[in-house]
Amino acid sequence: MSESATPHLHTPAAAAGAAAAAGRGSTGAGAGAGAGAGAVVRFAGTEPLPLEACFDGGRVTSDGGLAWVREADTALGVCVAFGALVPEWRQGRVRHTLETLVRQRVFQIVCGYADQNDADTLRTDPLLKLVCGRLPESGRDLASQPTFSRLENAVRARDCYRLALALLDMYLRERSRLAPTGRPRRVLLDLDGTDDPTHGDQEGSAYHGYYGQHMYFPLLVFDGDTNQLVTAVLRPGNAHGSHGVVAVLKRLVPRLRERWPGVRIELRADSGFAIPALYDYCDAEHIAYTIGLIPNPRLEAIAAPLLAEAQRQLAQQRQAETGAPKVRLAGATRYAAQTWSHERRVVYKAEALAKGPNTRFVVTTSTAPPLAVYDRYVDRGESENWIKDFKRACHGDRLSDHRFAANQFRLLLHAAAYWLLDTLRRWLLRTGVERLQLDTLRLRLLKIGGVVREWLTHVRLHLAARHPAEPLWQLLASRPNRPVNNPG
């Protein structure tokens, strides 16, 4: 059994998506003529005629933007790469290639359908079939839930390692494309852990006191300059925030330097990663870092004079009625905890607020002015938005297999979905469109109803006229260097 036995509570949006998926009509071999049709739903208060609705529209897709997802996948090659690394567990003739299975699973996640069960209805979606290499009407239907259960449970830890390397290789290639010279001057690695609630008796699930729940504790590494997802590593729920980080860096850093010799590598992380082993590794590898520190009495005593000065300035400004809401000062010192091998530079912020004092500390290799160092550190808050994209839009916290390795595989599939959506967002950014959250991007660009018609020489997708997303489609279609199979 792959999916956890505990029921998953769907959001209203997910329930609506499932209802829409359930209404897709017959499109492929093996589907009955009336498949998906349900009872007529009647509405009151509609004028001038009463309204009746029924899920019997036939070859209609609710995800008309899947064509763009396939174009992004063609540019990245992520599904091809993953499909080549997934182990083949089947014997004899097979209906679905591994590449097709991976593409179907990832594309479903991109469209907001994270559960294996969603495949039971989506397998007949005409456009999903087409972008997965099947003819929308006459082609064989795609895979169902049991096949995905077996797929995910066929993957072992060594396979996940190779898949993670494939994701890293894609990052290296795409990061080079973003650099004007094909080689970035520096790589800023943002490290963060995030909670992933578990359900039932899943391997590696454990209670985490801070989050107050049974969970996994994935480690995510983003490029702090480009918001590209570098890697995603699943960890047990009771792991320390820094668990495995040095081991991950020992695999990651050599690949960065092999690709870009001499590149400057910087690391940024919160206090969950404040461990001597990480400092020592970075020092030995000449990696710059700025890492949050948990306050302690010694650090608070060091910051006390600066905090008193900030409070004095705030009181003075209040007396002058300048209306300043706060005073923020920063300083630096040399400091070593008992477990550190030597002293390091610690930058501290002393902030006087109307609601009380606020002090923060970071350990750093930077020699920049203290306030500049701290401001650069708090910029890592942007990575919280990237995690939100990964979890909310790509359902990166929907890991409900029983086996730990199977859930690591699922985490990487969700990472692939993030890359596809983020690529579409980058293409739109280059055309002048404002930056969109990935769930907003999906709603505007992908969630468009369309009728799919299969002809002898081509397939036509009839979309809703006057749809608000049409300008976005035109921008994507007119972007420079876009490959088109049949120009004109």
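See above for the structure.
The following refers to the structure shown. Not measured: the values here are computed from a predicted model.

1. Concerning the nonpolar core
Okay, so step 1: Among the nonpolar cores identified, the biggest contains 121 residues, and Phe 82, Val 106, Leu 267 and Leu 278 are the most heavily contacted of them.
Okay, so step 2: No other element matches helix α14 (residues 404-430), which puts 14 residues into this core.
Okay, so step 3: With near-sequence residues (within four places) excluded, Phe 82 lies in contact with Val 102, Leu 163, Ala 166, Leu 167, Leu 412, Leu 413 and Ala 416.
Okay, so step 4: Core analysis: the next-biggest nonpolar cluster, separate from the first, contains five residues, Val 362, Val 373, Tyr 374 and Tyr 377 among them.

2. With respect to the packing of aromatic side chains
Okay, so step 1: Following the criterion strictly, the structure yields 13 aromatic pairs and no others.
Okay, so step 2: Among the aromatic residues, ring-to-ring pairing joins Phe 222, Trp 386, Phe 390 and Tyr 418 into one connected group.
Okay, so step 3: Positioned over the ring face of Trp 427 is Arg 479, at 3.7 Å from the centre of the ring.

3. A word on the sheet that holds strand β16 (residues 459-463)
Okay, so step 1: Spatially, the three strands line up as an open sheet ordered β3-β15-β16, and their pairing is antiparallel. Because the sheet does not close on itself, it has two edges, and the strands there are β3 (60-61) and β16.
Okay, so step 2: Across two bridges, β3 lies against strand β15 (residues 450-454) in antiparallel orientation. By the bridge assignment for β15, Thr 61 is matched with Gly 450.

4. Here's the deal with the pattern of salt bridges
For side chains of opposite charge, pairing can occur when their charged atoms come near one another.
Okay, so step 1: Summed over all chains, the structure comprises 38 salt bridges.
Okay, so step 2: Across the pair Glu 266 and Arg 186 runs a salt bridge, and its minimum N-O distance is 3.0 Å. Of this pair, Glu 266 sits in strand β10 (residues 264-269) while Arg 186 is found in strand β4 (residues 186-193), placing the two residues 80 residues apart along the sequence.
Okay, so step 3: Under the relative-accessibility criterion, Glu 266 is labelled buried at 15%.

5. Focus on the side chain of Thr 359
Okay, so step 1: Relative to the elements of secondary structure, Thr 359 occurs in strand β14 (residues 356-364).
Okay, so step 2: Of the polar contacts made by the side chain of Thr 359, one reaches the side chain of Glu 300; its length is 3.0 Å.
Okay, so step 3: Non-local contacts of Thr 359, meaning those with residues more than four positions away in its chain, are made with Glu 300, Ala 303, Leu 307, Lys 349 and Ala 350.

6. Looking at helix α16 (residues 470-477)
One turn of the α-helix equals 3.6 residues, which is why residues spaced by three or four share an orientation.
Okay, so step 1: The set of residues buried in α16 consists of Leu 472, Trp 473 and Leu 476. Mapping the buried residues of α16 onto a view down its axis gives an arc of 100°, with all of them on the same face.
Okay, so step 2: Contact partners of the buried residues in α16: α2 (66-76), α14, α15 (438-446) and β16.

7. Let's talk about unusual backbone geometry
Okay, so step 1: Of the consecutive residues Glu 47 and Pro 48, the connecting peptide bond is found in the cis state with omega at 5°.
Okay, so step 2: Positive phi values are uncommon outside glycine, yet His 286 reaches one of about 55°.
Okay, so step 3: Within the fold, His 286 resides in the loop between α10 (276-284) and β11 (288-293).

Reading guide: rules and limits
- Residues numbered from 1 in each chain as written.
- Predicted model: local features only at pLDDT ≥ 70, side-chain atom pairs only at ≥ 80, totals over all residues.
- Heavy atoms only, no water.
- Core = buried A, V, L, I, M, F, W, Y, C linked by side-chain atoms within 4.5 Å.
- Buried < 20%, exposed > 50% of the residue type's maximum accessible area, 1.4 Å probe, protein only.
- Helix = DSSP H or I, 4+ residues; strand = E, 2+ residues; numbered from the N terminus.
- Contact = heavy atoms within 4.5 Å.
- Phe/Tyr/Trp six-rings, centres within 6.5 Å; stacked < 30°, edge-to-face > 60°.
- Lys NZ or Arg CZ within 6 Å of the ring centre and 35° of its normal.
- Pairing = 2+ DSSP bridges.
- Salt bridge = Lys/Arg side-chain N within 4 Å of Asp/Glu carboxyl O.
- Polar contact = N/O pair within 3.5 Å; in protein donor to acceptor, adjacent residues only side chain to side chain.
- Arc of directions from axis to C-beta.

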